[in-house]
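Each chain is listed here by its residues.
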Amino acid sequence: MSRQHRERFAATLALLLTLAAGGAFIGGLSGGLLVPVATVLVLAYAKGRLVVLDFMELRESAGPMRIALLAWPALMLSLALARIVATTLFA
């Protein structure tokens, strides 16, 4: 592993930890409100994207695996957001 790869790995890891801490902080103070929960879901997608692109080393590839691995968390988080919106509006 070259120095550049180590530095990129450390920067990505620091960003992931920051996003995780921020998501936990916002989620803890959200109280079930829609905007903070949507923010946590966006942060979760950002973390998933970083993991797929950097830790799974798919940043330079353009194949169907990359598209599928980026679409899966987007689909799951969209369903989670739809559930939250539905329970907020119809409860």
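Residues numbered from 1 in each chain as written. Predicted model: local features only at pLDDT ≥ 70, side-chain atom pairs only at ≥ 80, totals over all residues. Heavy atoms only, no water.

A. Up close: the overall build of the chain. Along its length, the chain carries 3 helices and 0 strands. The helix and strand sequence of the chain, counted from the amino end, reads α-α-α. Seen through its principal axes, the chain has C-alpha atoms that stretch 55 × 30 × 10 Å. A burial count over the chain gives 19% of its 91 residues as buried. Relative to all contacts within the chain whose residues are 6 or more apart in sequence, the contacts with residues 24 or more apart total 58%. Total accessible area on the chain stands at roughly 6400 Å², and carbon and sulfur atoms take up 72% of it. (Helix = DSSP H or I, 4+ residues; strand = E, 2+ residues; numbered from the N terminus. Buried < 20%, exposed > 50% of the residue type's maximum accessible area, 1.4 Å probe, protein only. Contact = heavy atoms within 4.5 Å. Areas by Shrake-Rupley, 256 points an atom, 1.4 Å probe, with all protein chains shown as cover.)

B. Region of the structure containing the side chain of Ser 30. Within the fold, Ser 30 resides in helix α1 (residues 3–30). If near-sequence neighbours (up to four positions away) are discounted, Ser 30 is found in contact with Pro 36 and Val 37.

C. Up close: a nonpolar patch on the surface. On the surface, Phe 9, Leu 13, Leu 17, Val 51, Phe 55 and Met 56 cluster together into a nonpolar patch covering about 510 Å² of accessible area. A per-element tally of the nonpolar patch places α1 first, with 3 residues. As for its position among the elements, Phe 9 is in helix α1. (Patch = residues over 30% accessible without salt bridge, like charges linked within 9 Å, V, L, I, M, F, W, Y side chains within 5 Å. Salt bridge = Lys/Arg side-chain N within 4 Å of Asp/Glu carboxyl O.)

D. Examining the packing of helix α2 (residues 34–55) against helix α3 (residues 64–90) more closely. The geometry of α2 relative to α3 is characterised by a closest axis approach of 10 Å and an angle of 170° between their N-to-C directions. What the angle tells us is that α2 and α3 run roughly antiparallel. Counted together, Leu 34, Val 37, Ala 38, Leu 41, Ala 44, Tyr 45, Arg 49, Val 52 and Leu 53 of α2 and Arg 66, Leu 69, Leu 70, Pro 73, Ala 74, Leu 77, Ala 80, Leu 81, Ile 84 and Val 85 of α3 form the full contact between these two elements. (Axes fitted to C-alpha atoms, helices over the stretch in contact; angles between N-to-C directions. Parallel < 35°, antiparallel > 145°, perpendicular 65-115°, else oblique.)

E. Fine view of the environment of Leu 29. Of note, Leu 29 is situated in helix α1. By relative accessible area, Leu 29 is classed as exposed at 62%. Between the C-alpha atoms of Leu 29 and Glu 60, which are 31 residues apart in sequence, the distance is 37 Å.

F. Expanded view of α2. Over its 22 residues, α2 extends 31 Å from the first C-alpha to the last, a length consistent with the 32 Å expected when each residue adds 1.5 Å. Listed in full, the buried residues belonging to α2 are Val 37, Leu 41, Leu 43, Leu 50, Val 52, Leu 53 and Asp 54. Buried residues in α2 make contact with α1 and α3. Glu 57 sits one or two positions beyond α2 and adopts a positive phi of about 55°. (Expected span 1.5 Å × (residues − 1).)

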